[in-house]
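Fold and geometry: a report
Here is how the chains run, residue by residue.
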Amino acid sequence: MEKRPHISVQNLSVYFDELQILKDVSIDIPDHRITAIIGPSGCGKTTLLKSLNRLLDPIDGVRVNGRVLVDGVDIYDPGTEVTEVRKKMGLLSQRPQALPMSIFDNVAYGPRIHNRFDKTRLGDIVEYHLRLAGLWEEVKDRLDEPASRLSVGQQQRLCLARGLAVAPEIILGDEPTSALDPQSSQNVERRLIELKRDYTVVVVTHILRQAKRIADYIAFLYLGELVEHGPAQEIFANPRDPRTRAYLTGEIS
Amino acid sequence: MNQAGSSGGLRRRKLKEGIFRVLMAGAVLIVVGCLILIVGTIIWKGLPAMNLAMITQIPKGGFYLGKEGGILNAIVGSLYLAAGATVLAIIFSLPVVLYINVYAKRQSRLASLTRFSFDVLWGIPSIVYGAFGFIIMIYFGLRASLLAGILTVALLEFPIMSRAADEVIRMVPRELFDASYSLGATKLETALKVVVRQCLPGLLTAVLIAFGRGIGDAASVLFTAGFTDRIPTSLLQPAATLPLAIFFQLGTPFPEVQQRAYASAAILTVLILVISLLARGLGKKFTRHIIK
């Protein structure tokens, strides 16, 4: 079953000042699958993820070479509107970052700035996406409360709902469960698995077992180099590169 | 032997702790004592001259050194002046601060130059602002007026407000920006809807500090706003201010008028206090959404 690549990274190199973080990375990320980027700390996982929605732009001294095609459009082309690129992707960060406003306003933030609503429907949009993120039952009676009063696990699902409300096609997760307790982590993982039917999911994780649980496709990065990528089962059962094998067996971490 | 050595060390450490505690308590005492002493002096010396007429009437009895009437002219003048200057300062300060924090890169030369300018401007004595305002006034053929005063005081308030606001906005975590950007928000939307909201209490404090400096400053309005017994009805009329009222009243040889200076000082102090408390009460409403 061949899927068209939703995101195509071509010869991507990223430099922070003189330091090369990503070395000539090329990978096609399959549609409607969960792709996990794995590798030891500091290998460039997060950089690769952030390069997908141009969140590297605001960082000082960053240089990007190569291309990232999303739906066939090079997002680093000067003619590409960065807000349109980012709108296509919802982001879950390591620590959930709720916006300084109410629960309702957090979810409504995206639809409001993109004018994707008429006032009567905004409530429905918020409810729909909170349900999608599995948070609705817990917050339906306190939508006006500040988002900061939610638990960290709830905030992460709020961020998911907020990202989904922009109607993206892609969900990016930067170790989205690293700040969460096991229960909340499981909850987020379950959401992601449900969501891959409608979205392309890319998750950075340093937890191998998590990658095994949720990923369909694996990309292994080591020292900025994309060592190996392929369907999860193949990689886990039969890593071709000795470095991948070493990482999977815990020899390098 | 070893035991004794360590217990001796402990005693010495406890002694240091004790000395430092005394020093700290002393410092706190001095600060609080000063506050009580200043407010006490003003009230004690001003109370005899304090009456309802002080805050409801303009001066009577010839020129501003009269012993009758009140200082309503200066109260209203100061409020006009400081309010106008503060609004003006916000209009210039907020965009600059948002620019260097949201738009400019972290290590941008322009941003550090701007911050350096704030520091230099902050350090310029207010009499220099007054003199500068005076020169500009003469150049444009303007007379001492509320307008000239507002412009000069706005200039004085600008670096104070900007620097305080910059400190607050710099504390906003990078990830909060990313969260907003990743939803497809532009920098402007992020700045106004997320950053300003997150920093609102701090920004309010910045505005208050600037307002306090503006309403309390005498030197910058000496040449620019002038002084008058009347309440200004247009921007081009001169305006009285409380600091100058105090200055002139203190400068007279009449003890009754000098007493009125202390009453004026008390009024100025209470005015600033009331406005601070009001603004803080208002600010409380906005703190509930802040992300910690």
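Residues numbered from 1 in each chain as written. Chains lettered and ligands numbered in written order. Predicted model: local features only at pLDDT ≥ 70, side-chain atom pairs only at ≥ 80, totals over all residues.

1. Side note on the overall build of chain A
A count of helices and strands for chain A gives 10 helices and 10 strands. Taking 18 Å as the expected radius of gyration for a compact globule of 253 residues, we find that chain A reaches 18 Å, a close match to that expectation. Along the longest, intermediate and shortest principal axes, the C-alpha atoms of chain A span 55 × 45 × 40 Å. Residues counted as buried form 45% of the 253 residues belonging to chain A. A separation threshold of at least 6 residues defines the contact pool for chain A, and within that pool the share at least 24 residues apart is 68%. (Helix = DSSP H or I, 4+ residues; strand = E, 2+ residues; numbered from the N terminus. Rg over C-alpha atoms; globule rule 2.2 N^0.38 Å. Buried ≥ 20, exposed ≤ 12 C-beta atoms within 10 Å, placed from the backbone. Contact = placed C-beta atoms within 7 Å.)

2. What to know about the nonpolar core
Residues Ala36(A), Ile37(A), Ala161(A), Val202(A), Ile218(A), Leu81(B) and Met161(B) are the most contacted members of the largest nonpolar core, which totals 138 residues. Looking at this core, the element that brings in the most residues is helix α6 (residues 146-170) of chain B, giving 16 residues. The residues touching Ile37(A), leaving out its near neighbours within four places in the chain, are Lys45(A), Leu48(A), Leu49(A), Val202(A), Val204(A), Ala219(A) and Leu221(A). (Core = buried A, V, L, I, M, F, W, Y, C linked by C-beta atoms within 7 Å.)

3. Structural notes on the packing of helix α6 (residues 152-164) of chain A against helix α7 (residues 182-195) of chain A
Residue and element names in this part refer to chain A. It is the contact of α6 with α7, at a shortest axis distance of 9 Å, that shows an interaxial angle of 15 degrees. Classified by the angle their axes make, α6 and α7 are roughly parallel. Crossing handedness for the pair α6 and α7: right-handed. From α6, Gly153, Gln156, Arg157 and Leu160 reach across to α7, where they touch Ser184, Asn187, Val188 and Arg191. Its residues assigned to classes, the contact of α6 with α7 shows 2 nonpolar, 4 polar and 2 charged. (Axes fitted to C-alpha atoms, helices over the stretch in contact; angles between N-to-C directions. Parallel < 35°, antiparallel > 145°, perpendicular 65-115°, else oblique. Left-handed = near helix turned anticlockwise from the far one by under 90°. Nonpolar A, V, L, I, M, F, W, Y, C, P; charged D, E, K, R; others polar.)

4. What to know about unusual backbone geometry
All names here are of chain A. At Asn11, a residue that is not glycine, the phi angle is positive and equals roughly 50 degrees. With respect to the helices, strands and loops of the structure, Asn11 is situated in strand β1 (residues 5-16). Residue Asn11 is classed as exposed on the basis of its 11 C-beta neighbours within 10 Å. In this structure, Ala167 takes a positive phi of about 60 degrees despite not being glycine. Secondary-structure assignment places Ala167 in the loop between α6 and β7 (170-174). Residue Ala167 is classed as partly exposed on the basis of its 15 C-beta neighbours within 10 Å.

5. Side note on the interface of chain B and chain A
Of the residues lining the interface, 24 residues belong to chain B; the matching set on chain A comes to 26 residues. Looking at the side of chain B that touches chain A, the elements with two or more residues in it are α7 (174-181) and α8 (187-216) of chain B. Ranked by the residues each element gives to the side of chain B that touches chain A, the list is headed by α7(B), at 7 residues. By residue class, the composition of the side of chain B that touches chain A is 9 nonpolar, 7 polar and 8 charged.

6. Quick look at the domain arrangement of chain A
Often, the extent of an interface is quoted as the loss of accessible area on bringing the components together. All names here are of chain A. What the domain assignment lists for chain A is domain 1 (1-88 + 170-253) and domain 2 (98-167). Domain 1 and domain 2 are separated by 26 Å when their C-alpha centres are compared. In this complex, domain 1 contributes 10 residues to the contact, which on the side of domain 2 involves 10 residues. With 4 residues, the top contributor of residues to the side of domain 1 that touches domain 2 is α7. Partitioned by chemical class, the residues of the side of domain 1 that touches domain 2 number 5 nonpolar, 2 polar and 3 charged. (Domains from an automatic or database assignment.)

7. Considerations on the pairing of β1(A)
All names here are of chain A. Where β1 and strand β2 (residues 19-30) come together, 8 bridges link them in antiparallel fashion. Paired with Leu12 across the strands is Val25, a residue of β2. Counted between consecutive antiparallel strands, the loop separating β1 from β2 contains 2 residues, among which Asp17 sits at a positive phi close to 50 degrees. For β1 and strand β4 (residues 62-70), the ladder comprises 8 bridges, and the chain directions are antiparallel. Within the sheet, the bridge partner assigned to Tyr15 lies in β4 and is Arg63. (Pairing = 2+ DSSP bridges.)

8. Some remarks on the domain arrangement of chain B
Residues and elements named next belong to chain B. The assigned domain composition of chain B is domain 1 (2-49) and domain 2 (52-289). Put simply, the middle of domain 1 and the middle of domain 2, counted by C-alpha atoms, are 34 Å apart. Contact with domain 1, which involves 7 residues of that partner, is made by 7 residues of domain 2. In terms of residue class, the side of domain 1 that touches domain 2 is built from 5 nonpolar, 1 polar and 1 charged.

9. Thoughts on the pairing of strand β6 (residues 89-92) of chain A
All names here are of chain A. Side-chain alternation along β6 places Met89 and Leu91 on one buried face and Gly90 and Leu92 on a second face that is also buried. Alignment of β6 against β7, held across 4 bridges, turns out to be parallel. Along β7, the bridge assignment pairs Leu91 with Leu172.

10. Considering the environment of Pro176(A)
Residue and element names in this part refer to chain A. With respect to the helices and strands, the residue Pro176 is situated in the loop between β7 and α7. Separated by 12 residues in the primary sequence, Pro176 and Val188 place their C-alpha atoms 8.0 Å from one another. Setting aside anything within four residues of it in sequence, one finds Pro176 in contact with Leu92, Gln156, Val188 and Val203.

11. Describing the confidence of the model for chain A
Of all residues in chain A, 97% have pLDDT values of 70 or greater, and the mean over the chain is 90. Across chain A, the element-wise mean pLDDT spans from 89 in helix α4 (residues 119-132) of chain A up to 95 in strand β3 (residues 34-38) of chain A. (pLDDT = per-residue confidence, 0-100.)

12. Quick look at helix α5 (residues 126-139) of chain B
Residue and element names in this part refer to chain B. If you check α5, its first and last C-alpha atoms are 20 Å apart, about what 14 residues at 1.5 Å a residue would give, namely 20 Å. Looking at α5, one finds that the buried residues are Ser126, Tyr129, Gly130, Gly133 and Met137. Each buried residue of α5 sits inside an arc of 100 degrees when the element is viewed along its axis, so together they form one side. Among the exposed residues of α5, those oriented more than 90 degrees off its buried face are Val128, Ile135, Ile138 and Tyr139. (Expected span 1.5 Å × (residues − 1). Arc of directions from axis to C-beta.)

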